[in-house]
Amino acid sequence: MKNGAKLIKIGAAWLLILMLAIAAAIVTISVVNAQSFGPQRTVQNYLDALRAGDGAKALGLLNARVPAGNAAVLDGAGLAKSQESIKDVSIGKPVDQPNGQRKVTVSYHVNGTELATDFELEPGPSHWLFFDSWTILPTTLPTINVSVVNATEAQVNGVAVNMPGGKNTFAVFYPGNYEAEYHSSLFAASPVTRSVSSPMASVPAVALATGPTSELLSQVDATIHQYLDGCAKQAVLMPANCPMSAATDNRVVSPIAWSIVNYPSISITPYGGKWIMGPLTVKAQVSYQEQNLFTGAVAPVKHAEDFGFTAKLAISGTTVSVTPVVSY
């Protein structure tokens, strides 16, 4: 009897150990499921792929369809840059949805603005019989429309892109921050940024307002200065091919001297697919002595006046040509 009781006690102890082991295994599987195989992990893996610039992995995890458009920022440096402004990322706990689905909300800041992105996930096949898998419900990537004035190229997140006819559409991942700009030695457009937080986001179109760079304005300004200085060297009342002129009914009895009081302000604007210069105004002063034909008296003349003219601008690559136009 004593041996039987002893065997029962031993069996009970082993049974207790087995039950504790099974309970521990269940707890372990539950913890591992939540931390490594839960819906949050799928979302985290997707965000990690975005930060790494791994577009193929991100696209696979998102189960997204790529719409028609330019794919320049769907991979590599352009994609990785879209994540640089995303700070304070927090992945929320899964929230139950109909049909066994879960919703995971990611909160973050972009340039000081608080935003959030929702991910809808559904259960996938189990791994090794015990571990769950979660798949993001299929969606379509959003797009950003970009246009640029008088240019056929631009930069999006630092990536050079073609702009046929000055326009293009770019497929983008979310969440992401995208910056479009244009710059060359002669023309540039200030950066415009768009934050995309969901596939259904209505992203305002980007219109890059291209204008002349300080280098171009300085180059044109120097050419106009040189032209007007050449006009001022002509010691006649009406310098040839120049905007300024003077007249008198008396006899000029001294050398004629022109001087430029104020040079024109240079403005260059787009028009009809070309670049045109705005009307120019120079203030010039003429000085000489004249003799009155009736009295014979000699008196000095010093007269300043505004004179208007235009100029044609021709640009080929980085070569700039300026042709003043004077109408009499």
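Look up: the structure comes first, before these words.
Residues numbered from 1 in each chain as written. Predicted model: local features only at pLDDT ≥ 70, side-chain atom pairs only at ≥ 80, totals over all residues. Heavy atoms only, no water.

**Regarding the side chain of T117**
Relative to the helices and strands, T117 resides in strand β5 (residues 113-123). Side chain to side chain, T117 and Y108 meet in a polar contact 2.7 Å long. Here T117 is in contact with V104, T105, V106, Y108, Y174, P175 and S197, once residues within four sequence places are set aside. (Helix = DSSP H or I, 4+ residues; strand = E, 2+ residues; numbered from the N terminus. Polar contact = N/O pair within 3.5 Å; in protein donor to acceptor, adjacent residues only side chain to side chain. Contact = heavy atoms within 4.5 Å.)

**Remarks on the environment of P204**
Here P204 shows up in the loop between β13 (187-196) and β14 (206-208). Remark: the alpha-carbon pair of P204 and R194, spanning 10 residues in sequence, is separated by 7.7 Å.

**Looking at the sheet that holds strand β12 (residues 176-183)**
Spatially, β10-β9-β12-β13-β15 is the arrangement adopted by the 5 strands of the open sheet, whose pairing is antiparallel. One side of each edge strand has no neighbouring strand; the edge strands of this open sheet are β10 (159-162) and β15 (211-212). (Pairing = 2+ DSSP bridges.)

**As for the nonpolar core**
Ranked by size, the top nonpolar core spans 75 residues in total, and within it F173, L208 and V220 carry the most contacts. When residues of this core are assigned to their parent elements, the largest contribution, 7 residues, is made by helix α5 (residues 214-232). (Core = buried A, V, L, I, M, F, W, Y, C linked by side-chain atoms within 4.5 Å. Buried < 20%, exposed > 50% of the residue type's maximum accessible area, 1.4 Å probe, protein only.)

**A short note on the sheet that holds strand β8 (residues 143-148)**
What the 3 strands build is an open sheet, ordered β11-β8-β14; its pairing is mixed. In this open sheet, the two strands that pair with only one neighbour each are β11 (167-171) and β14. Averaged over all adjacent pairs, the angle separating strand axes in this sheet is 20°, with direction ignored. (Axes fitted to C-alpha atoms, helices over the stretch in contact; angles between N-to-C directions.)

**Some thoughts on the side chain of E290**
Summarising the element assignment, E290 is placed in strand β20 (residues 280-291). Of the buried charged residues, E290 lacks a salt bridge, with R251 as the closest side chain of opposite charge at 11 Å. Only 3.2 Å separates the side chain of E290 from the side chain of N250, close enough to count as a polar contact. If near-sequence neighbours (up to four positions away) are discounted, E290 is found in contact with T248, N250, R251, V252, V253, A297, V298, A299 and V301. (Lys, Arg positive; Asp, Glu negative; His and termini not counted. Salt bridge = Lys/Arg side-chain N within 4 Å of Asp/Glu carboxyl O.)

**Here's the deal with unusual backbone geometry**
The amide bond that connects Y174 to the next residue, P175, takes the cis arrangement and shows omega of -10°. For P175, the location among the structural elements is in the loop between β11 and β12. In this structure, N111 takes a positive phi of about 50° despite not being glycine. Along the polypeptide, N111 turns up in the loop between β4 (102-110) and β5. Look at N111 and you get exposed, because its relative accessible area is 59%.

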